[in-house]
Amino acid sequence: MRSENTAFVGGPLDGRVLPVLTGATGHPPKWYEVPVPDAAGGPATVYAYRRAPAGYSKRLGIQRGWVYEYVPEGRERHKPRWPWSKPGNDGGKGQRELPD
């Protein structure tokens, strides 16, 4: 696996540069989550970082790499938008009612 040294901006990892594994496209993942265990034995705190462009070259406008920016509210979770997950749908297991 290939890794890329990526800088972190904001949050508890501010100013650090860590190697992050890249995917098949050569890009690091869109989100990087750091779980930090609680000292009292409670649930772990998860710090979320979102990938953003590090900047662009002046002359040709080519992207210069990636940085991870701290997102204090955490990662947005979305429900899948599949036809069988819509409210009122029977999951594709039967016939649908036709409108009048």
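This section reports on the structure supplied with the text.

Definitions and cut-offs
Residues numbered from 1 in each chain as written. Predicted model: local features only at pLDDT ≥ 70, side-chain atom pairs only at ≥ 80, totals over all residues. Heavy atoms only, no water. Helix = DSSP H or I, 4+ residues; strand = E, 2+ residues; numbered from the N terminus. Buried < 20%, exposed > 50% of the residue type's maximum accessible area, 1.4 Å probe, protein only. Contact = heavy atoms within 4.5 Å. Areas by Shrake-Rupley, 256 points an atom, 1.4 Å probe, with all protein chains shown as cover. Pairing = 2+ DSSP bridges. Axes fitted to C-alpha atoms, helices over the stretch in contact; angles between N-to-C directions.

1. Concerning the overall build of the protein chain
Each helix and strand in the protein chain was counted, giving zero helices and five strands. Order of helices (α) and strands (β) in the protein chain, N terminus to C terminus: β-β-β-β-β. Across the 100 residues of the protein chain, 19% fall into the buried class. Of all intrachain contacts in the protein chain linking residues separated by at least 6 positions in sequence, the fraction that spans at least 24 positions is 31%. In the form shown here, the protein chain has an accessible surface area of approximately 8,300 Å², with 53% of it arising from carbon and sulfur atoms.

2. Here's the deal with the sheet that holds strand S2 (residues 17-21)
Spatially, S2-S1-S5-S4-S3 is the arrangement adopted by the five strands of the open sheet, whose pairing is mixed. The open sheet has two free edges, formed respectively by S2 and strand S3 (31-36), since each of these has just one partner strand. Going across the sheet, the axis of each strand differs from the next one's by a mean of 35 degrees, ignoring polarity. Both strand S4 (residues 45-53) and strand S5 (residues 66-71) contribute to a ladder of six bridges, which runs antiparallel. Looking at the pairing, Arg 50 lines up with Glu 69 of S5.

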